[in-house]
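Summary of the model geometry
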Amino acid sequence: MQLLRNIPEVLPQPCIATIGFFDGVHRGHRYLIEQVREVAVAHGFASGVVTFPVHPRKVVQPEYHPELLTTYEEKVALLAETGLDYCMMLDFTPEVAILSAKEFMLFLYNHYNIRALVIGYDHRFGHNRSEGFDDYVRYGQELGIEVILAHAYIDKDVAVSSSVIRQLLSEGNVSEAASCLGYDYFLNGIVVSGYRVGRKIGFPTANLRVDDPDKLVPSDGVYAVRVTVAGQSYGGMLSIGYRPTMANGTDRSIEVNIFNFHSDIYEQYICLSFVRYLRPELKFDSIDELIAQLHKDKEIKMKELDNIEIYNENGVGAIAFNIKNVFSQDGASLFNTYGIAIRAGQHCAKILDEYLHVSQTLRASFYFYNTKEEIDQFIEVCKKGDDFLDAFFG
């Protein structure tokens, strides 16, 4: 995907595009983009999206706090995974804000060589947004732009949208949010110095300062998470809130206890991926009660998914894990045994996410073993290179 950050005189290749902010690049967005790509292939044109680096409302209302699902950099990275030819990143200036729908379409025609627009089922654009799809069709006929109404993406009788996902996250429902997003919701940021109480009670934590203050942080509570540090993934237990037992006041903290991890990572960049909500934030009468609850939380997390080892190099990965009472989406119980997942060309965390959430087709890529020794032996085979693929996928 080519990112167009400056407005070209005219894009050399005719393009089929859609317009939107694409916050989260969720399943609804991906379904829309897939329709754009299908139309582009049918016409023999390039495919693209017209989007904005800053939320349009924040431009006209600087005090607005949009609660983003993705930062600018995260959005671009996710759009790049969709197979689009172009991402036309247009600065939403006051001058752009006053354009009518017809004027905006003319701008797209002249500068981006857009010959067809695929319009989201509920999307409106233009200065006062009083115009609708029939108006866009009429303007398109005058300008030489075909206007196509996209189909909505419906999941469990709900039209997936960024607003729906924000509401789920504000309720702590990270599992359902992941189903709508197509991936686990995540926070990126820098590890900063905290109160250093965790290490004194046996649960050292990394305190996260989120990259973008407009990024949405899920509701207060304790979560099972995956933590990526320097390219390696670990299980973890995350607490979001005001640490009431410690009388933290109004200082909201995001702190994670990383399992089987002992390195100093202050000022390092990490990523937290939300797997499951465990419980609300609680106030305990004593530190001993808090410690006892933390041990219970960790035991619950480790029973759900006890990561033994993760190996990933050159896009080939192996995950060894222990499944305990984990259920697939259709409710069928999986194995209560040691297991290993392998897949070429994908990150281990992505494999595990797809398998536990929705995958039926990936099950052929999972091989189950009864002992940790068998797993260790298999990982050693994986580390030798790509030859193992012939043995296990042949």
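Rules used throughout
Residues numbered from 1 in each chain as written. Predicted model: local features only at pLDDT ≥ 70, side-chain atom pairs only at ≥ 80, totals over all residues. Heavy atoms only, no water. Core = buried A, V, L, I, M, F, W, Y, C linked by side-chain atoms within 4.5 Å. Buried < 20%, exposed > 50% of the residue type's maximum accessible area, 1.4 Å probe, protein only. Helix = DSSP H or I, 4+ residues; strand = E, 2+ residues; numbered from the N terminus. Contact = heavy atoms within 4.5 Å. Expected span 1.5 Å × (residues − 1). Arc of directions from axis to C-beta. Phe/Tyr/Trp six-rings, centres within 6.5 Å; stacked < 30°, edge-to-face > 60°. Lys NZ or Arg CZ within 6 Å of the ring centre and 35° of its normal. Pairing = 2+ DSSP bridges. Axes fitted to C-alpha atoms, helices over the stretch in contact; angles between N-to-C directions. Salt bridge = Lys/Arg side-chain N within 4 Å of Asp/Glu carboxyl O.

Structural notes on the nonpolar core
Ranked by size, the top nonpolar core spans 51 residues in total, and within it Leu238, Val256, Ile270 and Phe274 carry the most contacts. For this core, the element with the most residues is helix H1 (residues 27–43), which contributes five residues. The residues touching Leu238, leaving out its near neighbours within four places in the chain, are Gly221, Val222, Tyr223, Val225, Ile254, Glu255, Val256, Leu272 and Phe274. With 31 residues, the next largest nonpolar core counts Val50, Ala97, Phe107 and Ile119 among its residues.

A word on the environment of Leu208
Inspection of the secondary structure assignment puts Leu208 in strand E10 (residues 206–210). Overall, the relative accessible area of 7% leaves Leu208 in the buried class. The spacing of Leu208 and Glu267 is 59 residues in sequence and 9.5 Å in space, taken between C-alpha atoms.

Looking at helix H5 (residues 101–112)
Between its terminal C-alpha atoms H5 stretches 16 Å, which fits the 16 Å expected from 12 residues at 1.5 Å a residue. For H5, the complete set of buried residues consists of Ala101, Phe104, Met105, Phe107, Leu108 and Tyr112. Along the axis of H5, the buried positions cluster into a sector of 155°, meaning they face one direction only.

Thoughts on the packing of aromatic side chains
For the structure on display, the rule yields 11 aromatic pairs. Considering the side-chain rings of Phe52 and Phe92, the 5.4 Å spacing of their centres and the 85° angle between planes classify their relative orientation as edge-to-face. With Phe52 in the loop between strand E3 (46–51) and helix H2 (56–60) and Phe92 in the loop between strand E4 (86–89) and helix H4 (94–97), this pair connects stretches of sequence that are 40 residues apart. Among the aromatic residues, ring-to-ring pairing joins Phe104, Phe107, Tyr112, Phe125 and Tyr136 into one connected group. The positively charged end of Arg115 is found above the aromatic ring belonging to Tyr109, 3.8 Å away from the centroid. Here the basic side chain of Lys215 rests over the ring of Phe186, its NZ or CZ set 4.6 Å away from the ring centre.

Regarding the sheet that holds E10
With respect to topology, six strands assemble into a closed barrel ordered E9-E10-E13-E12-E11-E14, the strand pairing being antiparallel. In this sheet, neighbouring strand axes are inclined to one another by 45° on average, regardless of whether the strands run parallel or antiparallel. When strand E11 (residues 221–229) meets strand E12 (residues 232–241), the two strands line up antiparallel, connected through nine bridges. Across the sheet, the residue bridging to Val222 is Ser239, located in E12. Helix-sheet contacts for helix H8 (residues 174–181) involve E11 and strand E14 (269–279), and the interaxial angle to E14 is about 120°.

Structural notes on the pairing of strand E9 (residues 186–192)
Here E9 lies mainly inside the structure; seven of its seven residues are buried. Relative to E10, E9 is paired through four bridges, and the arrangement is antiparallel. Note that in E10 the partner of Ile190 across the bridge is Arg209.

Notes on unusual backbone geometry
Even without being glycine, Phe22 reaches a positive phi, approximately 60°. Although it is not a glycine, Glu267 adopts a positive phi angle of roughly 70°. Among the secondary structure elements, Glu267 is positioned in the loop between strand E13 (253–258) and E14. Given a relative accessible area of 57%, Glu267 falls into the exposed group.

Side note on the side chain of Asp214
Looking at the element boundaries, Asp214 is found in the loop between E10 and E11. Under the relative-accessibility criterion, Asp214 is labelled buried at 12%. Once you skip the residues sitting within four places of it in the chain, Asp214 turns out to touch Lys58, His65, Pro66, Glu67 and Leu68.

Here we look at the sheet that holds strand E1 (residues 2–4)
In space, the six strands of this open sheet follow the order E1-E4-E3-E2-E5-E6, with parallel pairing throughout. Unpaired on one side and paired on the other, E1 and strand E6 (146–149) mark the two borders of the sheet. Strand-to-strand twist across the sheet, computed as the mean angle between neighbouring axes with direction ignored, equals 25°. Note that E3 and E4 share four bridges and pair parallel. Counterpart to Val50 in the pairing with E4 is Met88. Strands in contact with H1 are strand E2 (15–19), E3, strand E5 (114–119) and E6; relative to E2, the strand with the most contacts, it is inclined by about 165°. Packed on one face of the sheet, helix H6 (residues 133–143) meets E5 and E6 and runs near 155° to E6.

As for the pattern of salt bridges
Side-chain pairs of opposite charge can arise whenever the charged atoms involved come near each other. Evaluated as defined, the whole model comprises 10 salt bridges. Asp214 serves as the salt-bridge partner of Lys58, at 3.4 Å between the closest nitrogen and oxygen. Here Lys58, found in helix H2, pairs with Asp214, found in the loop between E10 and E11; they are 156 residues apart in sequence, far enough to count as distant. Relative accessible area serves as the criterion here: at 25%, Lys58 is assigned to the partly exposed category. Of the charged contacts in the structure, one is a salt bridge between Lys215 and Glu74, with a shortest N-O distance of 2.8 Å. One end of the pair, Lys215, is in the loop between E10 and E11; the other, Glu74, is in helix H3 (residues 72–80), and 141 residues separate them in sequence.

Focus on H8
Taken across its eight residues, H8 has six buried, putting it largely inside the fold. In the stretch just after H8, Gly182 is the one whose phi turns positive, near 90°.

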